[in-house]
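Descriptive structure summary
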Amino acid sequence: MARHHARELALRVLFEHDLAHTEPAVLVARLQGQDPDDRQFAESIVHGVLMHQDQIDEIIAQSSVDWRIQRMPTIDRNVLRIAVYELLYEPKTPISVIIAEALELAGAYSTDEAKRFVNGVLSTAAKTVRPQGDVDRPLADEKTHKENPQIKDDPVNS
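Conventions used here
- Residues numbered from 1 in each chain as written.
- Predicted model: local features only at pLDDT ≥ 70, side-chain atom pairs only at ≥ 80, totals over all residues.
- Heavy atoms only, no water.
- Axes fitted to C-alpha atoms, helices over the stretch in contact; angles between N-to-C directions.
- Helix = DSSP H or I, 4+ residues; strand = E, 2+ residues; numbered from the N terminus.
- Parallel < 35°, antiparallel > 145°, perpendicular 65-115°, else oblique.
- Left-handed = near helix turned anticlockwise from the far one by under 90°.
- Contact = heavy atoms within 4.5 Å.
- Nonpolar A, V, L, I, M, F, W, Y, C, P; charged D, E, K, R; others polar.
- Phe/Tyr/Trp six-rings, centres within 6.5 Å; stacked < 30°, edge-to-face > 60°.
- Buried < 20%, exposed > 50% of the residue type's maximum accessible area, 1.4 Å probe, protein only.
- Lys NZ or Arg CZ within 6 Å of the ring centre and 35° of its normal.

**Quick word on the packing of helix H1 (residues 3-20) against helix H6 (residues 95-109)**
Contact pair H1 / H6: the axes reach a minimum separation of 11 Å and the direction vectors enclose 55°. Taken together, the axis directions place H1 and H6 in an arrangement best described as oblique. The two elements H1 and H6 meet at a crossing, and its hand is right-handed. Seen from H1, the contacting residues are His 4, Arg 7, Glu 8, Leu 11 and Arg 12; seen from H6, they are Glu 101, Glu 104, Leu 105 and Tyr 109. Here the residues of the contact of H1 with H6 are counted per class, giving three nonpolar, one polar and five charged.

**Points about the packing of aromatic side chains**
Taken as a whole and assessed by the stated rule, the structure comprises two aromatic pairs. Taking the centre distance of 5.4 Å and the plane angle of 55° together, the rings of Trp 67 and Phe 117 count as tilted. Of this pair, Trp 67 sits in the loop between helix H4 (53-63) and helix H5 (74-89) while Phe 117 is found in helix H7 (residues 112-129), placing the two residues 50 residues apart along the sequence. The class of Trp 67 is partly exposed, set by a relative accessible area of 37%. One cation-aromatic arrangement involves Arg 3 over Phe 41; the distance from NZ or CZ to the ring centre is 3.9 Å.

And the structure:
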């Protein structure tokens, strides 16, 4: 399964829903021709974002400086919504992967300035949503690294 492609599909659905207020069921139905795994993950993102949108938007608002949610470009707002949803409800997905995927989507569908904005908002949101870090790499790893500086970071998992 290519989760990046699924995130793109979810972004397209959420963008149209946000911009044109098209019913999510109509938009999700358009995903029928997609790979079943991609479609399933995209649908779970769409439904999750819409179900928890108030909570997600509150986290985005608290994490962005001087930006109201409704003043953000539609594409950027929905990239952030997907990423914050994953931070909240996909704990097995590493923070670095979530942010990298969001930056890739912002770079492909928005502007270079958007990438910087998305990175800043998500870095702040990640500290709020997952203060302990990733499930499989808790912040205790940082303490171990500081106490044993000879331990090198694992480039595969960084």
